[in-house]
Structures are given as structure tokens and as C-alpha cells.
Amino acid sequence: MHESTIPTAAHVMTLAQSFRGGGVERAMLRMANGWVAAGRRVTLILGSGEGPLAQEMPDGLSVIELGDTAYRALMAMPALAREHRPDLIFIPGNHYTGVAAWTRLRMGKGAPPIVAKVSNSLVRSDMHGIGAWAYRRWLRSHPRFCDHIVAMTRATAAEAVREMRIAPERVSVIPNPPALPRTDAAPVPLPTGRYLLGVGRLEPQKRWERLIEAFARLNIPDLSLLLLGEGSARDALETQVAQLGIGDRVMLPGYAADPIPAMRGAALVALTSDFEGVPGAVNEALALGTPVVATESSVSIRELIADENGSIVAPGDGDALVGALAHWLAPGTQRPTPRAASGIDSNAAYLALFDALVAQRGR
């Protein structure tokens with residue numbers, strides 16, 4: 001086939017439930033910005049534009065706002081895809097693959113290629129019994145409605161092949177594009193002196209109560225704790241801080257549009273989740289030369305953290321967490337060398353994949 005007749009992914013459709021501040025949606029907006037800059041048309045199906053991420057929406061992005069944050073509102077995707085005729089649909093995270101399944105069911109062979117990104121662990125420590133069984137069955141159905149899966153690390157790609165039972169050639173490894181400093185972002189109020197930093201939604205999955213407890217046990221008077229994020233666990237975390245009597249040394253200022261300055265100044269960054277995908281905060285901290293202490297909450301953690309730049313502890317092992325934090329906070333401990341960029345142009349890699357899938361469908 002002559003090169004000029006090969007169809008390309010000129011129009012990509014994607015989706016988000018809201019702009020309230022999730023890592024999946026934030027990464028999607030960074031990618032959409034790169035795709036628009038490359039000359040592609042990108043249409044975002046958006047439940048509601050409310051939330052702090054609205055300020056990160058790139059120029060040139062076409063938005064169809066549904067006016068409803070409920071997940072079910074996104075089930076309008078098949079009708080909207082028929083109307084706007086995208087060349088490809090991009091599903092930005094595990095949370096949204098139900099929409100992909102519904103779209104394939106409703107559109108059948110008329111659906112454009114669907115690419116889904118793995119954004120969270122496929123082996124969930126919070127699921128047991130019938131729930132875990134149902135989730136495994138759900139994952140194994142993905143090859144029926146997803147043409148291709150994108151993982152951010154090799155370990156996550158291997159997990160996708162194993163848990164979804166999908167052919168390896170239908171899985172690609174493409175990291176998220178790096179987070180860049182934002183000159184228009186409101187500055188984060190930083191503690192005076194040394195501080196620990198946690199970045200992420202204040203939700204049960206993140207288990208920030210573990211970090212608060214470990215911080216209290218460290219009993220280092222000149223050390224503060226800064227948690228950047230917002231979510232449903234705020235009240236419980238504030239109650240815990242008050243009960244431990246450390247309110248004068250713990251700051252929870254909410255969502256941060258640009259956490260990079262806080263990461264650069266932190267003594268270390270901590271992650272205490274039960275489960276994760278490929279945590280962006282870990283990558284961003286290590287790129288700045290800030291050490292990281294993290295729970296082994298993802299198959300990718302050991303691909304990111306080595307002995308020279310951080311420590312990995314078992315989820316729920318409070319003594320190990322305190323010990324790892326104390327190690328990196330000890331006087332005279334050297335900060336790691338900033339990790340070099342991967343050299344991968346993530347946006348170009350995505351577009352090359354999209355074009356190949358559209359061309360394959362055209363043939």
C-alpha cells in the first residue's frame with residue numbers, strides 16, 4: 001500500500017469523569033496537549049469541567065461536556081463516537097475500561113480501534129473472595145473490547161499479559177510524558193525547615209494515615225509533614241493528626257497544580273499506598289534527586305526505586321516504614337543523583353501506535 005493512502009489517527013477521542021484532580025486525568029491532559037501540538041484533533045468527552053485540573057486544559061482541545069460527574073454519563077460514548085467519528089478512542093486508565101466495553105458492545109465492528117492504558121495495579125490487595133474472582137474475570141475480558149493495551153513500565157506490561165491473558169504483541173510500553181514546572185500555578189505554602197512530602201489524593205487507597213503515624217513516631221522536632229492532595233479521607237486524617245498532637249507540624253493545604261517545587265525542597269517523598277499503578281510522584285521526585293520511601297504497592301516499584309535513591313517497605317509494616325524514613329533523614333545522608341530522563345518521546349510513541357492501529361484497521 002502506498003504511504004499516502006495509509007490512514008492515520010487524525011482524530012482521537014478520549015474521556016474524563018471530572019477535573020477534580022486525579023493522576024490519570026492529569027496525565028491524559030499532558031498527552032492531549034502533545035497530540036494537539038503535533039497537529040492531531042483531540043476530542044475530550046468530559047463529565048464535568050469542575051475542578052482544579054480545568055486550568056491545565058490545553059488550547060486546541062475540543063471538549064464535549066456532559067454536565068454530570070456520574071460514571072454512567074460517560075456511557076454516551078458510543079453515540080458521541082458515531083456522531084463525531086474519531087479514528088481512535090483512547091481510554092486513559094483502568095477506571096474507564098467499562099466505557100470501552102460498552103462502546104464495543106454498542107458499536108460492534110463499527111467501533112474505531114480502542115487503546116486502553118493501565119493506570120493502576122491489576123492485582124488488588126483490597127479485593128478478596130468473590131470480588132477478587134469477579135475482577136480477574138473482568139480483566140480477562142479486556143482483549144475482547146480493547147485492541148491494544150499500553151503499560152508505563154515493563155513490569156506492568158508483563159502483569160497485563162498475565163492478568164488479561166492478552167497476546168504480548170498487543171501490549172506496548174510507553175511512559176507518561178514528564179511533568180513540567182508550571183509558571184502559572186499558585187505556589188504551594190512550604191513548611192519552614194526540613195519536611196517530609198506526600199503527594200496524591202486523600203483517599204483510602206493511599207493510606208496516608210500510615211505516613212502520619214510514622215511521622216509521629218519519628219519524633220524529630222524540627223521536621224514537618226506536608227501532604228498535597230484532596231479527597232474523602234481529609235476529615236479522618238485531620239482527626240488523626242489532632243489525636244496525635246502534631247497539628248503544629250502537619251500541613252494539608254489541598255490540591256497543588258505544580259508539586260515540583262515542593263518535591264525539590266523536600267527531605268524525602270513518601271508513598272504509603274496499598275496499591276498503585278506507576279506512581280507519578282515517585283518518578284517526578286527521583287528526577288529531581290529527592291529520595292523516595294514507598295510501599296511495595298505495584299509491580300513497577302522495584303523498576304523505579306533502587307538502593308541508591310530510596311527504600312521499599314511492605315504495606316502495613318509500620319516499623320519498616322519508620323526505619324526507612326529515619327535512614328534517609330539521618331544527618332549526613334547523601335541525596336541521590338537526579339535520575340536522567342528516559343529519552344523516550346512519549347507523545348510521539350503514542351501517535352505512532354495510534355497510526356499503526358488505524359492503518360491496520362484500514363487494511
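Note: the structure precedes this text.
Colleague: Describe the overall build of the protein, listing the residues and the values that go with them.
Modeller: A tally of regular secondary structure across the protein gives 13 helices and 13 strands. A globule of 363 residues ought to have a C-alpha radius of gyration of about 21 Å, and the protein, at 21 Å, matches this closely. Counting only C-alpha atoms, the protein reaches 65 × 45 × 40 Å along its principal axes. Looking at the protein as a whole, 53% of its 363 residues qualify as buried. Once local pairs closer than 6 in sequence are excluded, the contacts in the protein between residues at least 24 apart make up 73%. Surface exposure of the protein reaches about 16200 Å², of which carbon and sulfur atoms provide 52%.

Colleague: Tell me about helix H1 (residues 23-37), and name the residues and values.
Modeller: Turn by turn, an α-helix covers 3.6 residues, leaving residues three or four places apart pointing in a common direction. Under the 1.5 Å per step criterion, the end-to-end length of H1 is 21 Å for 15 residues, consistent within 8% with the ideal 21 Å. When H1 is considered as a whole, its buried residues turn out to be Glu25, Arg26, Ala27, Met28, Leu29, Met31, Ala32, Gly34, Trp35 and Val36. Residues of H1 that are buried in the fold lie against strand S1 (11-16), strand S2 (41-46), strand S4 (88-91), strand S5 (114-117) and helix H13 (346-362). Positive backbone phi, approximately 95°, marks glycine 39, located one or two places after H1.

Colleague: Kindly report on the sheet that holds strand S7 (residues 171-173), identifying the contributing residues and their values.
Modeller: Strand order in this open sheet of 7 strands is S3-S2-S1-S4-S5-S6-S7, and the pairing throughout is parallel. The open sheet is flanked by strand S3 (62-65) and S7, the only strands paired with a single partner. Put simply, the sheet's adjacent strands are angled 25° from each other on average, direction ignored. Judged from the 4 bridges that link them, S2 and S3 form a sheet pairing that is parallel. Its bridge partner being in S3, threonine 43 is matched across the sheet by serine 62. This element, helix H3 (residues 97-107), spans S1, S4 and S5 of the sheet and lies at about 165° to S5.

Colleague: Lay out the pattern of salt bridges in plain terms, naming residues and giving numbers.
Modeller: Counted under the stated rule, the structure contains 14 salt bridges. Arginine 162 is paired through a salt bridge with glutamate 163; the nearest N and O atoms lie 3.1 Å apart. We classify arginine 162 as partly exposed; its relative accessible area is 47%. Within this structure, Arg207, Glu209, Arg210 and Asp274 form a network of salt bridges that share partners.

Colleague: So what's going on with the packing of helix H2 (residues 77-84) against H3? Which residues, and what values?
Modeller: The N-to-C vectors of H2 and H3 enclose an angle of 60°; their axes lie 8 Å apart at closest approach. Taken together, the axes of H2 and H3 lie oblique to each other. When you trace H2 past H3, the crossing you get is right-handed. Contacts between H2 and H3 involve Met77, Pro78, Ala81 and Arg82 on the former and, on the latter, Val99, Trp102, Thr103, Arg106 and Met107. The class makeup of the residues in the contact of H2 with H3 is 6 nonpolar, 1 polar and 2 charged.

Colleague: Explain the pairing of S4 to me, using residue names and the numbers behind them.
Modeller: Across the two faces of S4 the burial is the same, with Leu88 and Phe90 and Ile89 and Ile91 all buried. The sheet contact formed by S1 and S4 spans 2 bridges and is parallel. Note on S4: the bridge partner recorded for methionine 13 is isoleucine 89. Pairing analysis gives 3 bridges linking S4 to S5, with the strands arranged parallel. Counterpart to isoleucine 91 in the pairing with S5 is alanine 116. Crossover S4 to S5 through H3 is right-handed.

Colleague: For the sheet that holds strand S8 (residues 194-199), give the residues involved together with the corresponding values.
Modeller: If you trace the 6 strands from one edge of the open sheet to the other, you get S10-S9-S8-S11-S12-S13, paired in parallel fashion. Since the sheet does not close on itself, it has two edges, and those belong to strand S10 (250-254) and strand S13 (310-313), each with one partner. Averaged over all pairs of adjacent strands, the angle between strand axes in this sheet comes to 20°, irrespective of strand direction. By the bridge criterion, 2 bridges tie S8 to strand S11 (residues 268-271) in an arrangement that is parallel.

Colleague: Any details on the environment of proline 178? Residues and values, ideally.
Modeller: Take proline 178: it is sitting in the loop between S7 and S8. Separated by 105 residues in the primary sequence, proline 178 and asparagine 283 place their C-alpha atoms 8.5 Å from one another.

Colleague: Could you give me a rundown of the pairing of S1, with the residues and numbers involved?
Modeller: Across the 6 residues of S1, 6 count as buried, placing the element largely inside the fold. The side-chain alternation of S1 yields two buried faces, one formed by His11, Met13 and Leu15 and the other by Val12, Thr14 and Ala16. Relative to S2, S1 is paired through 6 bridges, and the arrangement is parallel. The residue of S2 that forms the bridge with valine 12 is valine 42. With respect to chirality, the unit in which S1 leads through H1 into the neighbouring parallel S2 is right-handed.

What counts, and where the lines are drawn
- Residues numbered from 1 in each chain as written.
- Predicted model: local features only at pLDDT ≥ 70, side-chain atom pairs only at ≥ 80, totals over all residues.
- Heavy atoms only, no water.
- Helix = DSSP H or I, 4+ residues; strand = E, 2+ residues; numbered from the N terminus.
- Rg over C-alpha atoms; globule rule 2.2 N^0.38 Å.
- Buried < 20%, exposed > 50% of the residue type's maximum accessible area, 1.4 Å probe, protein only.
- Contact = heavy atoms within 4.5 Å.
- Areas by Shrake-Rupley, 256 points an atom, 1.4 Å probe, with all protein chains shown as cover.
- Expected span 1.5 Å × (residues − 1).
- Pairing = 2+ DSSP bridges.
- Axes fitted to C-alpha atoms, helices over the stretch in contact; angles between N-to-C directions.
- Salt bridge = Lys/Arg side-chain N within 4 Å of Asp/Glu carboxyl O.
- Parallel < 35°, antiparallel > 145°, perpendicular 65-115°, else oblique.
- Left-handed = near helix turned anticlockwise from the far one by under 90°.
- Nonpolar A, V, L, I, M, F, W, Y, C, P; charged D, E, K, R; others polar.
- Right-handed = clockwise from strand over helix to strand, strands pointing away.

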